[in-house]
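# Fold and geometry: a report
What follows is the residue order along each chain.
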Number of protein chains: 2
Amino acid sequence: MITTDSSTAPSRRPRLAAGARRYRSSEIRDLLAVIEQPGVLSLAGGLPAAAAIPTARIQVAAQRALAAPGRYGSLALQYGPTVGVEALRARLAAGSAAYPASTPGTALVVTTGSQQGLDLIARVLVDPGDPVVVEDPVYLGARQVFHAHGARLIGVPTDSEGMDTERLADLLAGGLRPRLVYCVPNFSNPSGSSLSPPRRRRLAALAEHYGFVIVEDDPYRPLGFGPAPPDPISTHAPDHTVFLGSASKCIAPGLRVGWIASPPWLFDTLVTAKQSIDLHTPPLTQLIVAEILADDAFLGSHLEHVRTDNAARASDLHGAVADFIRCDAPTGGMFLWGRAATETQAMLPRAVARGVAYVPGAAFAVTAGTHAHHLRLSFATLDGPDLLAAADRLRGAVCGPTGCERE
Amino acid sequence: MITTDSSTAPSRRPRLAAGARRYRSSEIRDLLAVIEQPGVLSLAGGLPAAAAIPTARIQVAAQRALAAPGRYGSLALQYGPTVGVEALRARLAAGSAAYPASTPGTALVVTTGSQQGLDLIARVLVDPGDPVVVEDPVYLGARQVFHAHGARLIGVPTDSEGMDTERLADLLAGGLRPRLVYCVPNFSNPSGSSLSPPRRRRLAALAEHYGFVIVEDDPYRPLGFGPAPPDPISTHAPDHTVFLGSASKCIAPGLRVGWIASPPWLFDTLVTAKQSIDLHTPPLTQLIVAEILADDAFLGSHLEHVRTDNAARASDLHGAVADFIRCDAPTGGMFLWGRAATETQAMLPRAVARGVAYVPGAAFAVTAGTHAHHLRLSFATLDGPDLLAAADRLRGAVCGPTGCERE
């Protein structure tokens with residue numbers, strides 16, 4: 001019975017939407033709590049080193065951006081276009097020392113980091129229950145987004161050449177019809193592997209044949225230690241690939257500037273969804289990124305410095321753990337992915353007690369129970385002495401007092 | 001028949017998600033195109049005047065923000081917490097010259113503008129088909145978000161005291177069970193009216209009785225010309241109200257800094273959803289807002305200047321149109337809402353041809369066919385002479401060559 005005299009009725013608690021159940025905190029968040037514990041050296045996070053963020057150059061760019069005039073006051077501070085500021089879009093289209101020119105025929109929308117790009121793509125391409133193919137092990141942020149949109153995740157194993165496209169072809173031949181195939185083509189997170197050129201072409205051909213969309217999430221392209229990475233997958237299937245770029249790993253993560261290069265048939269829907277989500281990304285952070293991407297001399301030398309520095313850290317870490325963690329030497333990106341003799345989830349409290357954190361492989365598993373002996377170590381965050389101290393603490397956790405139990 | 005030889009098959013076009021149909025471009029976007037036409041004086045947009053944006057103070061705050069150290073390099077440039085930077089959350093909790101302290105018992109999460117706040121709330125509280133009550137006429141950005149999440153919108157008329165809560169009570173007594181009731185309590189967009197204190201209490205009591213959530217979207221609170229607005233609705237029903245604040249109207253819209261003060265039962269879900277959407281809002285823009293909100297002397301004098309300036313513009317515009325547009329004199333905010341003798345949608349091309357733009361009332365209608373004679377005029381963007389020139393062009397469009405057709 002309903003009474004209109006609210007004072008006599010008990011207060012009723014509103015309920016969450018059914019869809020809200022799909023929002024689960026990612027392991028990233030719990031890991032950040034571990035990172036913040038005093039005394040713990042963290043190999044867990046995906047944070048660039050302080051030295052990899054060009055703060056002084058950003059200060060100059062910020063002052064210039066704040067002085068840029070627009071029709072209704074400061075361009076950096078007034079409302080702006082949903083697609084992003086023109087200076088940044090033009091630079092991304094033309095290319096820079098960090099990223100090649102965007103694939104011809106694609107259209108650019110700036111996003112608040114590429115996490116937002118993933119969310120936007122899932123919003124407009126995934127209905128609850130739709131199958132989505134991911135690399136296994138998978139990037140946690142992507143899994144969280146696809147899960148939030150109700151996708152049914154199908155993992156395809158990766159090896160040293162990236163996602164096993166023949167395994168994917170078998171699944172497709174067997175009837176699987178995914179809406180998306182999600183891929184980190186260069187120095188993937190967490191596996192560190194890159195998709196080989198033949199597999200890029202194979203994946204592109206499969207997308208065109210079966211009519212799915214490839215989500216090419218490429219934040220690590222600027223962070224390779226060797227020759228330039230192969231052409232993006234989008235060059236092989238421009239109408240079936242949505243490319244995600246990011247300034248987070250090559251300039252600064254806190255600027256939250258990413259972008260989507262989309263085929264034309266998808267573009268308007270992405271822009272309309274972006275408008276509904278946050279109107280637009282802050283013009284200030286976009287203008288900072290635009291100026292730095294346009295400064296080829298600075299950016300080239302900055303990236304050279306970051307790559308050299310990261311290569312040294314990667315080599316140090318690999319050298320320090322290779323006798324008790326089975327792993328390949330990293331060739332770029334931020335992570336070393338390896339296998340220990342023990343279950344890494346169970347080992348984590350021991351490691352944290354010794355003052356070192358990492359991410360257990362099980363966190364990245366698409367199929368429950370897999371990657372139980374693996375772990376992800378970031379070589380990008382800690383400086384040399386801390387990195388070696390962290391590796392030493394990890395050795396203690398893996399090997400114990402009686403010496404290393406080599407697998 | 002499926003062949004694995006992709007070279008012989010035609011390329012298949014992927015399709016959009018069924019849910020993507022709900023993303024429709026808002027009238028805001030089309031209006032921005034009108035604004036950008038050279039020679040058109042726009043009364044259509046909701047842009048603060050250039051003089052209302054404290055660019056020099058923001059430049060100082062930006063340099064300080066970029067110099068703030070964090071554990072892993074610049075606090076402004078590294079990854080940060082999903083809930084927002086501590087300096088801003090503490091300031092919002094404590095209150096400022098622009099906003100009172102957040103309601104005790106609520107928890108704060110910083111958003112990328114309050115547009116993102118609306119989207120977050122809809123994500124976690126609205127399933128497709130759920131009824132959502134809005135003011136009629138309604139703010140376009142809110143309608144777009146609720147529509148995107150599949151809500152069934154029910155409009156409740158507003159008058160000079162804001163939403164007619166007795167009409168809402170009748171609908172509730174008749175069986176309506178909304179998930180949300182959306183309200184702009186101060187100087188609403190587009191109506192300009194504010195919810196009276198008795199109606200605030202009545203709405204709060206209804207929410208507690210029927211178990212719905214009030215979304216209290218309050219960007220215009222700092223922009224009143226007279227006495228301070230009444231206590232927020234959230235003070236009357238803290239467990240049933242989600243409060244949205246914004247730095248867009250009192251500092252700068254391009255910073256894209258808003259916040260949600262949420263009851264505890266909703267907080268974790270909002271934060272987890274926010275993490276999935278964009279990890280976090282840029283710390284740089286958050287730190288700029290935190291510094292300015294903490295500078296009470298500056299902010300007080302800045303807001304006094306903006307209010308005085310806006311009051312003069314509102315008075316100028318009202319004085320210039322009152323003989324051919326039936327309207328109340330604005331008491332705050334950015335908009336004058338009025339009624340003309342002719343249908344304003346049909347009149348718009350004539351007005352643009354004369355070099356003036358506005359938003360036809362029909363754009364804000366929840367029930368199709370209503371507000372056909374209304375229009376929304378922004379007094380906040382144009383400076384004095386342009387504002388009077390715009391009013392004069394509007395007079396020409398409404399009245400024609402033969403004199404004004406007064407309603």
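Scroll up to find the structure this text is about.
First, a word on scope: everything that follows refers to the structure included in this document. (Residues numbered from 1 in each chain as written. Chains lettered and ligands numbered in written order. Predicted model: local features only at pLDDT ≥ 70, side-chain atom pairs only at ≥ 80, totals over all residues. Heavy atoms only, no water.)

## Some details on unusual backbone geometry
- The omega torsion across Asp136(A) and Pro137(A) is 10°, close enough to zero to call that bond cis.
- Along the chain, Pro137(A) falls in the loop between strand S5 (131–136) and helix H5 (140–148).
- In this structure, Leu279(A) takes a positive phi of about 65° despite not being glycine.
- Its location among the elements puts Leu279(A) in the loop between helix H8 (264–278) and helix H9 (283–294).
- Residues other than glycine seldom take positive phi values, yet His371(B) does so here, at roughly 60°. (Helix = DSSP H or I, 4+ residues; strand = E, 2+ residues; numbered from the N terminus.)

## Regarding the side chain of Thr82(A)
Residues and elements named next belong to chain A.
- With respect to the helices and strands, the residue Thr-82 is situated in the loop between strand S3 (73–74) and helix H3 (86–94).
- Overall, Thr-82 belongs to the buried group, its relative accessible area being 12%.
- If near-sequence neighbours (up to four positions away) are discounted, Thr-82 is found in contact with Val-109, Val-110, Val-271, Lys-274, Gln-275, Leu-279 and His-280. (Buried < 20%, exposed > 50% of the residue type's maximum accessible area, 1.4 Å probe, protein only. Contact = heavy atoms within 4.5 Å.)

## Examining the packing of aromatic side chains
- Scanning the model with the defined rule gives twelve aromatic pairs over all chains in all.
- An angle of 85° between the planes, with centres 6.2 Å apart, marks the rings of Tyr220(B) and Phe335(B) as edge-to-face. Placement of the pair is Tyr220(B) in the loop between strand S9 (213–217) and strand S10 (241–246) and Phe335(B) in strand S13 (residues 335–339), with a sequence separation of 115 residues.
- The buried category is assigned to Phe335(B), whose relative accessible area is 4%.
- The structure contains a cluster of three or more aromatic residues connected by ring pairs, namely Tyr99(A), Phe243(A) and Trp259(A).
- Between the NZ or CZ atom of Arg57(A) and the centre of the ring of Phe298(A), over which it lies, the distance is 5.7 Å.
- We note Arg376(A) situated over the ring of Phe335(A); from NZ or CZ to the ring centre the distance is 3.9 Å. (Phe/Tyr/Trp six-rings, centres within 6.5 Å; stacked < 30°, edge-to-face > 60°. Lys NZ or Arg CZ within 6 Å of the ring centre and 35° of its normal.)

## Re the sheet that holds strand S4 (residues 107–111) of chain B
All names here are of chain B.
- The eight strands are arranged S4-S11-S10-S9-S8-S5-S6-S7 in an open sheet whose pairing can be described as mixed. Where the open sheet ends on each side, the last strands, each with one partner, are S4 and strand S7 (162–163).
- Pairing of S10 with strand S11 (residues 258–262) involves four bridges; the strand directions are antiparallel. Residue pairing for S11: Leu-244 is matched across the bridge by Ile-260.
- Sheet strands in contact with helix H6 (residues 165–173) are strand S5 (131–136), strand S6 (152–159), S7 and strand S8 (180–183), and its direction is about 145° off that of S6. (Pairing = 2+ DSSP bridges. Axes fitted to C-alpha atoms, helices over the stretch in contact; angles between N-to-C directions.)

## Examining the interface of chain B and chain A
- Contact with chain B, which involves 101 residues of that partner, is made by 100 residues of chain A.
- Linking chain B with chain A are four salt bridges.
- Close ionic contact of Asp119(A) with Arg123(B) constitutes a salt bridge, the shortest N to O distance being 2.4 Å.
- Applying the counting rule to chain B against chain A returns 30 residue pairs in polar contact (both at pLDDT 80 or more).
- Among the secondary structure elements, those contributing two or more residues to the side of chain B that touches chain A are helix H1 (27–35), helix H2 (55–67), strand S3 (73–74), helix H4 (113–125), helix H5 (140–148), helix H7 (197–210), helix H8 (264–278) and helix H9 (283–294) of chain B.
- A breakdown of the residues in the side of chain B that touches chain A according to their chemical character gives 48 nonpolar, 34 polar and 19 charged. (Salt bridge = Lys/Arg side-chain N within 4 Å of Asp/Glu carboxyl O. Polar contact = N/O pair within 3.5 Å; in protein donor to acceptor, adjacent residues only side chain to side chain. Nonpolar A, V, L, I, M, F, W, Y, C, P; charged D, E, K, R; others polar.)

## Notes on the packing of helix H4 (residues 113–125) of chain A against H8(A)
Residues and elements named next belong to chain A.
- Viewed as axis vectors pointing N to C, H4 and H8 meet at an angle of 115°, and their least axial separation amounts to 10 Å. The orientation of H4 relative to H8 falls into the category roughly perpendicular. The crossing of H4 and H8 is right-handed. In contact with Gln-116, Asp-119, Leu-120, Ile-121, Arg-123, Val-124 and Leu-125 of H4, H8 contributes Trp-265, Leu-266, Thr-269, Leu-270, Ala-273, Lys-274, Ile-277 and Asp-278.
- Looking at side-chain class alone, the contact of H4 with H8 contains nine nonpolar, two polar and four charged residues. (Parallel < 35°, antiparallel > 145°, perpendicular 65-115°, else oblique. Left-handed = near helix turned anticlockwise from the far one by under 90°.)

## Quick look at helix H12 (residues 384–399) of chain B
Residues and elements named next belong to chain B.
- With 16 residues, H12 should reach 22 Å at 1.5 Å per residue; the first-to-last C-alpha distance of 22 Å fits that figure.
- Of the positions making up H12, those classed as buried are Leu-387, Ala-390, Ala-391, Leu-394, Gly-396, Ala-397, Val-398 and Cys-399.
- At the exit of H12 stands Gly-400, carrying a positive phi of roughly 70°. (Expected span 1.5 Å × (residues − 1).)

## Overview of helix H10 (residues 296–321) of chain A
All names here are of chain A.
- Compared with an ideal rise of 1.5 Å per residue, which puts 26 residues at 38 Å, H10 spans 37 Å between its outermost C-alpha atoms and is within 8% of the ideal.
- All of the buried residues along H10 are Leu-299, His-302, Leu-303, Val-306, Asn-310, Arg-313, Ala-314, Leu-317, His-318, Ala-320 and Val-321.
- On its buried face, H10 sits against H9, strand S12 (326–327), strand S13 (335–339), strand S16 (374–378) and helix H12 (384–399).

## Quick notes on the pairing of S13(A)
All names here are of chain A.
- Of all five residues making up S13, four are buried, and the element is well covered by its neighbours.
- Pairing between S12 and S13: two bridges, direction antiparallel. Residue pairing for S13: Cys-327 is matched across the bridge by Gly-338.
- Of the strand pairs in this sheet, S13 and S16 are connected by five bridges, and their pairing is antiparallel. Bridging across to S16, Trp-337 finds its partner in Arg-376.

Just distances and angles here, no functional claims.
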